[in-house]
Amino acid sequence: MIRVPGGPFTMGSERFYPEEAPLRHVSVDAFWIDEAPVTNRDFARFVEATGHVTVAEIAPDPRDYPGMSPEMAHAGSLVFRKTATPVDTANPAHWWNFEFGASWRHPLGAGSDIDALDLWDHPVVHVAYADAEAYAKWAGKDLPTEAEFEFAAKGGLEGADYAWGDELAPEGRMMANYWQGLFPFANQCLDGWERTSPVRSFPANGYGLYDMIGNTWEWTRDWWSERPEGGKKPGGSCCAISNPKGAKLKESFDPAQPLVKIGRKVIKGGSHLCAANYCQRYRPAARHPEMIDTATTHIGFRCVVREK
């Protein structure tokens with residue numbers, strides 16, 4: 001783990017997506033954070049020690065999903081499949097497939113295997129929020145808040161769009177694992193990877209942390225809110241908001257699915273599927289909601305330990 005000193009910083013952005021705004025003055029206490037995301041190797045040790053069964057390995061209960069077809073009541077997870085041609089990017093169903101048998105052990109579907117694919121040092125994926133939380137508890141740690149993650153991802157920079165400065169690819173160098181080309185059908189793989197990459201494959205940020213941007217999204221402990229806590233611009237108050245904790249459970253429900261009362265947590269950091277033409281969320285300020293029961297090929301996590 002790496003010790004992050006804490007302190008005041010400007011959280012959010014007004015240059016990209018509306019849910020990142022407005023800018024707000026925030027401070028966090030010092031904390032320790034995993035140098036890199038939890039890997040398949042790390043997660044396998046946890047499973048061996050505890051016998052933990054992930055959410056993706058348990059068949060969903062139709063009572064939790066009004067209108068769900070009975071044929072879908074089987075264990076599985078969401079797997080990304082690149083399309084052959086351009087598609088309407090407003091509809092994620094073009095590239096996300098719920099595949100029976102997909103799990104952290106079988107990341108590309110039932111017929112795949114982390115050993116055969118040599119993914120032991122890649123971030124673990126297909127982990128729902130409860131799985132990340134269980135791992136953190138076993139390790140004597142916790143999941144970061146949104147503010148802690150953003151502060152750590154910045155690496156000490158203030159006002160920069162990216163974790164390494166204001167250029168996405170300075171002098172053509174790939175600084176993180178994200179999608180180069182037109183999503184979701186044409187990935188140029190300039191960074192060397194079609195999907196996830198081994199942790200520490202790209203330069204560390206100013207705090208010595210790896211993969212805070214790209215590779216996989218990462219769970220935080222904060223409930224989602226469209227308008228982040230402390231929605232005031234810096235200078236509007238004399239005091240920084242200290243250690244913000246996010247919204248309440250009921251505020252995180254998806255208004256587009258009123259019958260589904262499943263909370264959404266904030267995920268941070270972007271992933272290997274973020275692209276210039278679709279999801280420019282390979283930035284510290286970027287944030288996105290994810291239902292806590294969801295597991296996919298592009299969400300992982302890391303842990304923290306607080307000094308207080």
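Higher on the page you've got the structure.
Residues numbered from 1 in each chain as written. Predicted model: local features only at pLDDT ≥ 70, side-chain atom pairs only at ≥ 80, totals over all residues. Heavy atoms only, no water.

Draft legend 1. Layout of the layout of surface pockets. Size it by volume and the largest pocket reaches roughly 1,500 Å³. Around the largest pocket, the lining comprises 47 residues; the ones closest to its centre are Leu78, Glu290, Met291, Thr294 and Thr296. Elements supplying a minimum of two residues to the lining of the largest pocket: strand S5 (76-80), strand S6 (96-100) and strand S12 (287-291). Take the lining of the largest pocket: its biggest share by element is four residues, from S12. (1 Å grid on protein atoms, 1.4 Å probe; cavity = no way out; pocket = protein on both sides within 12 Å on 5 of 7 lines; lining within 4 Å. Points joined across faces, edges and corners; volume = space filled by probe spheres on them. Helix = DSSP H or I, 4+ residues; strand = E, 2+ residues; numbered from the N terminus.)

Draft legend 2. Local environment of helix H2 (residues 129-138). Those residues of H2 not exposed but buried are Tyr129, Asp131, Ala132, Tyr135 and Ala136. Down the axis of H2, the smallest arc covering the buried residues is 165 degrees, so these residues share one side. Turning to H2, the residues buried within the fold contact helix H1 (40-50), strand S9 (217-223) and strand S11 (264-268). Where H2 ends, the next residue or the one after it, Gly140, has phi of about 75 degrees, a positive value. (Buried < 20%, exposed > 50% of the residue type's maximum accessible area, 1.4 Å probe, protein only. Arc of directions from axis to C-beta. Contact = heavy atoms within 4.5 Å.)

Draft legend 3. A look at the sheet that holds strand S2 (residues 7-11). Pairing within the open sheet is mixed, and its three strands lie in the order S2-S3-S10. A single partner strand is all that each edge strand has here, and the edge strands are S2 and strand S10 (241-242). The pairing of strand S3 (residues 24-28) with S10 spans two bridges and is classified as parallel. Note that in S10 the partner of Val26 across the bridge is Ile241. Each of S2 and S3 is contacted by helix H3 (residues 146-154), which is oriented at about 90 degrees to S2, the strand it contacts most. (Pairing = 2+ DSSP bridges. Axes fitted to C-alpha atoms, helices over the stretch in contact; angles between N-to-C directions.)

Draft legend 4. Spotlight on the environment of Asp222. The residue Asp222 is located in strand S9 in this model. Asp222 has contacts with Thr145, Glu146, Pro244, Lys245, Gly246, Arg264, Lys265 and Val266, leaving out every residue within four places of it along the chain. Among the polar contacts listed, one links the side chain of Asp222 to the backbone nitrogen of Glu146, at a separation of 3.2 Å. (Polar contact = N/O pair within 3.5 Å; in protein donor to acceptor, adjacent residues only side chain to side chain.)

Draft legend 5. Molecular detail of the environment of His288. Position of His288 relative to the elements: it lies in strand S12. Separated by 224 residues in the primary sequence, His288 and Asp64 place their C-alpha atoms 23 Å from one another.

Draft legend 6. The arrangement of a nonpolar patch on the surface in detail. A surface patch of nonpolar side chains, about 250 Å² in accessible area, is lined by Met72, Phe98 and Phe100. Note that Phe98 resides in strand S6. With relative accessibility at 34%, the residue Phe98 sits in the partly exposed group. (Patch = residues over 30% accessible without salt bridge, like charges linked within 9 Å, V, L, I, M, F, W, Y side chains within 5 Å. Areas by Shrake-Rupley, 256 points an atom, 1.4 Å probe, with all protein chains shown as cover. Salt bridge = Lys/Arg side-chain N within 4 Å of Asp/Glu carboxyl O.)

Draft legend 7. Region of interest: unusual backbone geometry. Between Ala21 and Pro22 the backbone carries a cis peptide bond, its omega angle lying at -5 degrees. Between Phe183 and Pro184 the backbone carries a cis peptide bond, its omega angle lying at 0 degrees. When you line up the elements, Pro184 lands in the loop between strand S7 (181-182) and strand S8 (186-187). Its identity is not glycine, yet His126 carries a phi of approximately 60 degrees, on the positive side. Relative to the assigned elements, His126 resides in the loop between S6 and H2. Residues other than glycine seldom take positive phi values, yet Glu171 does so here, at roughly 55 degrees. You can see Glu171 is positioned in the loop between H3 and S7.

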